[in-house]
Amino acid sequence: MFFTNAVIHTMAGVTLKNGYMRIEGTKIMEIGAMPVEADGEVVDLQGAHVYPGFIDAHTHIGMWEDGLCFEGDDGNEETDPVQPHLRAIDAVNPMDRCFSEAVDAGITTVLTGPGSANPIGGQFAALKTFGKRVDKMIVRAPVAMKMALGENPKNVYHDKNQAPSTRMATAALIRDQLMKAKRYEEAVVRAEEDSEIDPPEYDGKCEALLPVLRGEVKVHFHAHRADDIFTAMRIAAEFQLDYVIVHGTEGGLVADELAEEHVRVLSGPLLCDRSKPELRNLTPATPGSLTRAGVPTAIITDHPVVPIQYLPLCAALAVREGMDEEEALAAITCNPAKICGIDDRVGSLEMGKDADFVVFRANPLSLSAKPEMVYISGKRVR
């Protein structure tokens, strides 16, 4: 299937002023400049603009279901502050209508998972936004381990009169579980190397953290305040974790420090009120400040905090507050893919990647713009 006569924004360093793209099955097989001899079905886009499908790198879509209260609330297991063995894919409801709203806005991939009630909340998954069965929507699972610092764990467990009720206890619980997992792995290795040594009794929490300790799965640290960001960096350095800062509300205030340490940030939500003390420095200018300092940055909605369909609007707000427009587009396409380690499949239009793309007649960051077409894995879904 050929898509011809389009302005193709590959988000891989090249924009084709009059290009074509050939897809076969679920993949992009060819991309280049017109003219082309098409030997299959042809869709003439007549000068429309093609972008990679948008990516929201931090949501809770399908975990807090739209229009429901407790019966649709599966985002936080508040019975234990340390829950690394919980998996988002066991909670996501693909029938949540917000997936359809994501598609309508051109969002083709999301990361979704547990909230921030727990110091260790569980495993995030990267999913396509179209499908009936979560197993068939997976891009990567687990894609990240969720950990949370700051006031959310404090508030939840202070109300229960148990730890953590301070930032110290939150960090200590994370360290404690990581050290247990480290010792568990050492015991597993010893048993594998010596048949006379019994392996340790199975521990689901430790097992879930082994890929994290090996650097195979990233840690996504929920952190708003600058001091919490630095605590995340400190813990990551102690255990040599591959990590990302989620939210980073005060990241713009310490952007030079983050750039120096090569920290990556998923910035947002931007389109919301300052509903708690940690958000007192919230501003849509933060993504631009981070990017100008050289910090790899993506823009997120934290759905349902900001409804997922407003991801492009959040990027537009960042542009209004000083972010370069091309950087803002990167912040909802190639940057989140790279930051989250799924850029082998999504985030840019390149040969061999998933055929996830959106077609616009207007600037996708303008208030009135809606995609004319949305394709996910080579299938038109809008």
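Undergrad: Got a minute to help me understand the nonpolar core in this structure?
TA: Ranked by size, the top nonpolar core spans 43 residues in total, and within it Phe54, Ile107, Val110, Leu127, Ile299, Ile332 and Leu365 carry the most contacts. Residue assignment for this core shows that the elements contributing at least two residues are helix H1 (98-104), strand E7 (107-112), strand E8 (120-128), helix H8 (311-320), helix H9 (325-330), strand E14 (357-360) and strand E15 (373-376). At five residues, H8 tops the list of elements feeding residues into this core. Contacts of Ile332, omitting those with residues within four sequence positions, involve Gly53, Phe54, Ile55, Ile299, Leu311, Pro312, Ala315 and Leu365. Of all hydrophobic cores here, the second largest spans 37 residues; its members include Ala171, Met233, Tyr243 and Val254.

Undergrad: Would you take a moment to explain empty space enclosed by the protein for this structure?
TA: Rolled over the atoms, a probe as big as a water molecule pinpoints where empty space is left. Scanning the entire structure with this criterion turns up two cavities of 30 Å³ or more. Approximately 50 Å³ is the volume attributed to the largest cavity. Every residue lining the largest cavity is listed: His247, Thr249, Ser267, Gly268, Pro269, Leu270, Asn281, Leu282, Thr283 and Thr286. In this structure, the second largest cavity spans a volume of roughly 40 Å³.

Undergrad: Just checking my understanding: could you explain the sheet that holds strand E12 (residues 265-267) for this structure?
TA: Hydrogen bonds between backbone atoms are what pair the strands of a sheet, whose relative direction is either parallel or antiparallel. Reading across from one edge, E6-E7-E8-E9-E10-E11-E12-E13 is the order of the eight strands in this open sheet, with mixed pairing throughout. Each edge of the open sheet carries a strand with a single partner, namely strand E6 (54-59) and strand E13 (297-299). Across this sheet, the average inter-strand angle for adjacent strands is 25°, counted without regard to direction. By the bridge criterion, five bridges tie strand E9 (residues 138-148) to strand E10 (residues 218-223) in an arrangement that is parallel. Residue Lys146 lies in a different strand from E10, and its bridge partner there is His220. Along the sheet, helix H5 (residues 226-239) contacts E10 and strand E11 (243-247); its crossing angle with E10, the most-contacted strand, is approximately 155°.

Undergrad: Would you mind showing me how to read the side chain of His222 here?
TA: Residue placement: His222 occurs in strand E10. Since its relative accessible area comes to 2%, His222 is described here as buried. Within the structure, His222 has its side chain in polar contact with the side chain of His247 (distance 3.2 Å). Beyond its immediate chain neighbours, meaning those up to four positions away, His222 contacts Ser116, Lys146, Met147, Ala148, Leu149, Asn152, Val246, His247, Lys276 and Glu278.

So, how was this worked out
Residue positions within a chain follow its written sequence, with the count starting from 1. Residue-level local features of this predicted model are given only where pLDDT is at least 70; pairs of side-chain atoms are given and counted only at 80 or more, and the full residue set underlies all totals for whole chains, interfaces and linings. As a rule here, side-chain values come from all non-hydrogen atoms in the structure, and water together with hydrogens is ignored. Remark: nonpolar core denotes a set of buried residues (Ala, Val, Leu, Ile, Met, Phe, Trp, Tyr, Cys) joined through side-chain atoms within 4.5 Å. Between buried and exposed lies partly exposed: a residue is buried under 20% and exposed over 50% of the maximum accessible area for its type, with that area taken using a 1.4 Å probe on protein chains only. A run of H or I in DSSP becomes a helix once it reaches four residues, and a run of E becomes a strand once it reaches two; helices and strands are each numbered from the N terminus. Residues are treated as being in contact if the distance between any of their heavy atoms lies within 4.5 Å. A pocket here means an open set of points on a 1 Å grid, computed over the protein atoms alone, that has protein on both sides within 12 Å along at least five of seven lines. A cavity is instead a set of points where a 1.4 Å probe fits but cannot get out; residues with an atom within 4 Å of a point line either one. Grid points are joined across faces, edges and corners, and a volume is the space filled by probe spheres set on the points. Pairs of strands are assigned from DSSP output, requiring at least two bridges between the strands. Axis angles are defined between N-to-C directions and span 0 to 180 degrees, where every axis is a line fitted to C-alpha atoms and, for a helix, only to the segment in contact. Whenever a nitrogen or oxygen atom comes within 3.5 Å of another N or O atom, the pair is scored as a polar contact, on the condition that within protein one atom can donate a hydrogen and the other can accept it, and that pairs from neighbouring residues in sequence are kept only if both atoms are in side chains.

Geometry only, nothing functional implied.
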